[in-house]
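# Examining the three-dimensional arrangement
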Amino acid sequence: MKKRVLIADDHAFVSWGLAKALQALGEVEVVGSVTNGINAIVEIRKARPDCAILDYSMPGANGLEVFLEARRWSPDTRFVLLTGTASPTIIRTLVEAGIHGIALKDDTEGEVVAIVREVCAGRTAVGASAQCLLKDTSENIALTDRELTVLQALARGHTNASAAESLGISPKTVDSHRTSLMRKFTVNSTASLILAAVRAGLLDPASIR
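Residues numbered from 1 in each chain as written. Predicted model: local features only at pLDDT ≥ 70, side-chain atom pairs only at ≥ 80, totals over all residues. Heavy atoms only, no water.

### Things to note about the packing of helix α7 (residues 145-155) against helix α9 (residues 171-185)
Two numbers describe how α7 lies on α9: the axes approach to 9 Å, and their chain directions differ by 95 degrees. Between α7 and α9, the angle falls in the class roughly perpendicular. Contact with α7, carried on its side by Arg146, Glu147, Val150, Leu151 and Leu154, involves Val174, His177, Arg178, Ser180, Leu181 and Lys184 of α9 and no other residues of that element. Grouping the constituent residues of the contact of α7 with α9 by class yields 5 nonpolar, 2 polar and 4 charged. (Axes fitted to C-alpha atoms, helices over the stretch in contact; angles between N-to-C directions. Helix = DSSP H or I, 4+ residues; strand = E, 2+ residues; numbered from the N terminus. Parallel < 35°, antiparallel > 145°, perpendicular 65-115°, else oblique. Contact = heavy atoms within 4.5 Å. Nonpolar A, V, L, I, M, F, W, Y, C, P; charged D, E, K, R; others polar.)

The following block contains the structure:
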């Protein structure tokens, strides 16, 4: 039986190329393609695919946020995260969050397809480039998965209240995470926090609003 796969990426060419490569295997059926995180959550809940391939940086909600929310509604779905932000901290956070497969966007098509096949087969897989980043000990800023999602929300221009609504937590919790992030980066404003996160490779400048 073919594995049912959903692709979420705001770059149409990436989705098209990946869908074409996967369907050429003859063992995968692409059941949907969406371009933002909110639609990804909705479609995963509706279609309950065997595997969801998520871009890390998407409008609406990033790949980690989609994973954390969608697994509540579709616990049997396995997840592959594609990221163009090559940061050891991000890769470690994704691994610790329980993502089943991780690939960098500069990996070859064959490498990404191989990771998807591994994940569809019930295994975990981290691409060679991402594995190299995991061995990099140059960064010492460790973020929790929730701190990373709050950081992403702040970068998209959310206030404490709107970030809380988007993430399903209280404004007080958002403020607590913001304070923790500022302490870890030794900054005293949101603007400085976002700049420091970009310099550390934790934020894609294109995702900042």
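From this point, things continue past the structure.
### Notes on the pairing of strand β3 (residues 51-55)
Extensive coverage of β3 is indicated by the burial of 5 of its 5 residues. With burial as the criterion, each face of β3 is covered, one bearing Cys51, Ile53 and Asp55 and the other bearing Ala52 and Leu54. Two strands pair when backbone bridges link them, and strand β1 (residues 3-8) and β3 are joined in this way by 4 bridges, in the parallel orientation. Looking at β3, one finds that valine 5 is bridged to cysteine 51. Sheet topology places β3 next to strand β4 (residues 78-83); 5 bridges connect them, and they run parallel. Across the sheet, the residue bridging to cysteine 51 is arginine 78, located in β4. Taking the sense of rotation as the criterion, the β-α-β connection linking β3, helix α3 (residues 63-73) and β4 turns out right-handed. (Buried < 20%, exposed > 50% of the residue type's maximum accessible area, 1.4 Å probe, protein only. Pairing = 2+ DSSP bridges. Right-handed = clockwise from strand over helix to strand, strands pointing away.)

### A short note on the sheet that holds strand β2 (residues 28-34)
Taken in spatial order, the 6 strands line up as β2-β1-β3-β4-β5-β6 in an open sheet, and their pairing is parallel. In this open sheet, the two strands that pair with only one neighbour each are β2 and β6 (125-126). Bridging between β4 and strand β5 (residues 101-104) involves 4 bridges; their strand directions are parallel. Looking across to β5, one finds that valine 80 is bridged to glycine 101.

### Things to note about the packing of aromatic side chains
Taken as a whole, this structure holds 2 aromatic pairs when the rule is applied. Consider the rings of phenylalanine 67 and phenylalanine 79, whose centres lie 5.1 Å apart with planes at 80 degrees: the pair is edge-to-face. Pair noted here: phenylalanine 67 is in helix α3 and phenylalanine 79 is in strand β4, with a separation of 12 residues, a long-range link. In this pair, the class of phenylalanine 67 matches that of phenylalanine 79, namely buried. Arginine 45 extends its terminal NZ or CZ atom over the ring of tryptophan 73, reaching a point 3.6 Å from the ring centre. (Phe/Tyr/Trp six-rings, centres within 6.5 Å; stacked < 30°, edge-to-face > 60°. Lys NZ or Arg CZ within 6 Å of the ring centre and 35° of its normal.)

### Here we look at helix α4 (residues 88-97)
Among the 10 residues that make up α4, 7 are buried, leaving the element largely enclosed by the rest of the structure. Of the surrounding secondary structure, the elements contacted by the buried residues of α4 are α3, β4, β5, α6 (128-134) and α7. Backbone geometry just after α4 places glycine 98 at a positive phi near 100 degrees.

### With respect to unusual backbone geometry
Of note, arginine 48 is a non-glycine position whose phi angle comes to about 45 degrees, a positive value. On the secondary structure map, arginine 48 appears in the loop between α2 (37-47) and β3. On the basis of relative accessibility, which here comes to 45%, the residue arginine 48 falls in the partly exposed class. Positioned with a positive phi, threonine 186 is a non-glycine residue whose angle comes to about 50 degrees.

### Digging into the pairing of β2
Bridging between β1 and β2 involves 6 bridges; their strand directions are parallel. Among the inter-strand pairings, leucine 6 is bridged to a residue of β2, identified as glycine 32. Read as a crossover between parallel neighbours, the route from β1 over helix α1 (residues 12-23) to β2 is right-handed.

### Describing the packing of α3 against α7
Helix-helix packing: each pair is described by the crossing angle between the helix axes and the interaxial distance. Packing of α3 against α7 leaves a shortest axis separation of 9 Å and a crossing angle of 125 degrees. Viewed along their axes, α3 and α7 adopt a mutual orientation that is oblique. The element α3 and its partner α7 pack so that their crossing is left-handed. Across the interface between the two elements, Leu64, Glu65 and Leu68 of α3 pack against Asp145, Leu148, Thr149, Gln152 and Ala153 of α7. (Left-handed = near helix turned anticlockwise from the far one by under 90°.)

Shape is all these values report; function is a separate question.
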